[in-house]
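# An overview of the molecular structure
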Amino acid sequence: MKKDIKSMSIAELKEEMLSLGEKAFKATQIYSWLHKHSAESFDEMTNISKDLRENLKKNYDIYNCTIEKKLVSVYDDTVKYLFRLNDGELIESVVMKYKYGYTICVSSQVGCKMGCRFCASGIAGFVRNLTPSEILSQIYKAQKDLDIRISHIVMMGVGEPLDNYDNVIKFLRLVSDENGINIGMRNISLSTCGVVTGIYKLMEEKLQLTLSISLHAPDDETRSKTMPVNDRWNIDELLKACKDYIKATNRRISFEYAMISGVNDSDECARKLGMKLKGMLCHVNLIPVNSVKERSYTKSSKERMESFIKILGKYGINATVRRTLGSDINASCGQLRRGENSN
Ligand code: SAH
């Protein structure tokens, strides 16, 4: 099998060039073609000699994805892609336009193991991890197709990023490399359902990204009902990891809280949450739960959310409601999935 050249760092590419009997600086040129210019074939690399290009073709593959389906929201220009990978698997990504630029929500796995009850991503099961190049390809393909520059990334698509740790970290390093697309860590958010061991590992990387935690409940009883991961690491273990993370990185954590009517949206839930998060360097993002056709959860009322925000405020916690984009194309949090029947 040929090697996956788009998943290689510059240092690794240099080693490869030397092993092919080439000069190390070729690595920087190739890296730039792959990551700055989103080259999809070696023949696009016009400043690389024909001989070397042929040699590269023999030894390496450039893994790209193709657009299987593209949906554009009539409300807000949000674009949802269904991408096909080399082995035929399908993944979804979403591009959103904000005042400050374009943000892409990328998937990190084909399917998901975590089984959160309100989320569509795991319904069809888990298939496999994505490689760094497959995560990157979502960005490069969307940029090319829309003729835009993407400036922000959220790892909030299908999959649990910390359950694909090594590939995700590699992706983060490639995407923020100044020789490539160079998206700064400060413009990247990574969301986890609470894989505590992963949070501790991430802490050691000392990255400037924003860590988002999908909390969705203030106590173990409520959380375990909707998130099986809570039976592995409970709320106190998770929040302890968050506190340690904040201490080590000095970065504010963002807590995601999907408001589900009658499940986790009472004033008492807000008070419990306030007590748990009091004093932490954090922000709470309330998301009216999005409908998923296989699930019967309904979103909380506006009044419920306002009351929740007010109570959290009393504990000194800043909370805002996340704007929902792409509602007509099922492009919102928890609605992405891997299947062909994506709508
Ligand atoms: N596995 C990671 C990344 C997925 S991010 C994680 O769990 O954080 C997707 C975000 O959308 C998570 O916060 C997830 O809990 C949330 N989500 C899932 N289903 C949802 C739904 N139906 N409505 C609103 N948010 C949902």
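Residues numbered from 1 in each chain as written. Predicted model: local features only at pLDDT ≥ 70, side-chain atom pairs only at ≥ 80, totals over all residues. Heavy atoms only, no water.

This brings us to helix α3 (residues 50-59). When we look at burial in α3, the residues that qualify are Leu52, Arg53 and Leu56. Axial view of α3: buried residues confined to an arc of 100°, hence all on one face. Facing away from the buried side of α3 by more than 90 degrees, the exposed set consists of Lys50, Asp51 and Lys58. Looking at the buried positions of α3, the neighbouring elements they touch are α1 (10-19), α2 (26-36) and β2 (60-61). (Buried < 20%, exposed > 50% of the residue type's maximum accessible area, 1.4 Å probe, protein only. Helix = DSSP H or I, 4+ residues; strand = E, 2+ residues; numbered from the N terminus. Arc of directions from axis to C-beta. Contact = heavy atoms within 4.5 Å.)

The side chains of a regular strand alternate between both faces of the sheet. With seven of nine residues buried, strand β5 (residues 90-98) lies mostly within the body of the structure. Taken together, the six bridges between strand β4 (residues 79-84) and β5 define a ladder with antiparallel strand orientation. Paired with arginine 84 across the bridge in β5 is leucine 90. Direction of pairing for β5 relative to strand β6 (residues 101-105): antiparallel, over a ladder of five bridges. Looking across to β6, one finds that valine 94 is bridged to cysteine 105. Hairpin connection from β5 to β6: two residues lie between these consecutive antiparallel strands. (Pairing = 2+ DSSP bridges.)

When cut into domains, the protein chain gives domain 1 (3-61) and domain 2 (65-341). Each of domain 1 and domain 2 has a C-alpha centre, and these two points are 33 Å apart. Contacts between domain 1 and domain 2 engage 17 residues on the former and 17 residues on the latter. Buried area between domain 1 and domain 2, both sides added, is near 1300 Å², and the carbon and sulfur share of it is 45%. For the domain 1 face of the interface with domain 2, the top three residues by lost area are Lys6, Tyr31 and His35, together amounting to 36%. For the pair domain 1 and domain 2, the number of links is two salt bridges. Ionic pairing is found between glutamate 12 and lysine 170, a salt bridge with its closest N-O pair at 2.8 Å. (Domains from an automatic or database assignment. Buried area = accessible area lost by both parts, 1.4 Å probe. Salt bridge = Lys/Arg side-chain N within 4 Å of Asp/Glu carboxyl O.)

Okay, the packing of helix α6 (residues 196-205) against helix α8 (residues 235-249) next. In the contact formed by α6 and α8, the axes pass within 10 Å of each other and the chain directions differ by 5°. Classified by the interaxial angle, the pair formed by α6 and α8 is roughly parallel. Of α8, the residues touching α6 (which contributes Val196, Ile199, Tyr200, Leu202 and Met203) are Glu237, Leu238, Lys240, Ala241, Asp244, Tyr245, Ala248 and Thr249. Within the contact of α6 with α8, the residues separate by chemical class into nine nonpolar, one polar and three charged. (Axes fitted to C-alpha atoms, helices over the stretch in contact; angles between N-to-C directions. Parallel < 35°, antiparallel > 145°, perpendicular 65-115°, else oblique. Nonpolar A, V, L, I, M, F, W, Y, C, P; charged D, E, K, R; others polar.)

This brings us to helix α9 (residues 267-277). Within α9, burial applies to Cys269, Ala270, Leu273, Gly274 and Leu277. Angularly, the buried residues of α9 cover 135° about the axis, an arc narrow enough to put them on a single face. Following α9 by one or two positions, glycine 279 adopts a phi angle in the positive range, close to 85°.

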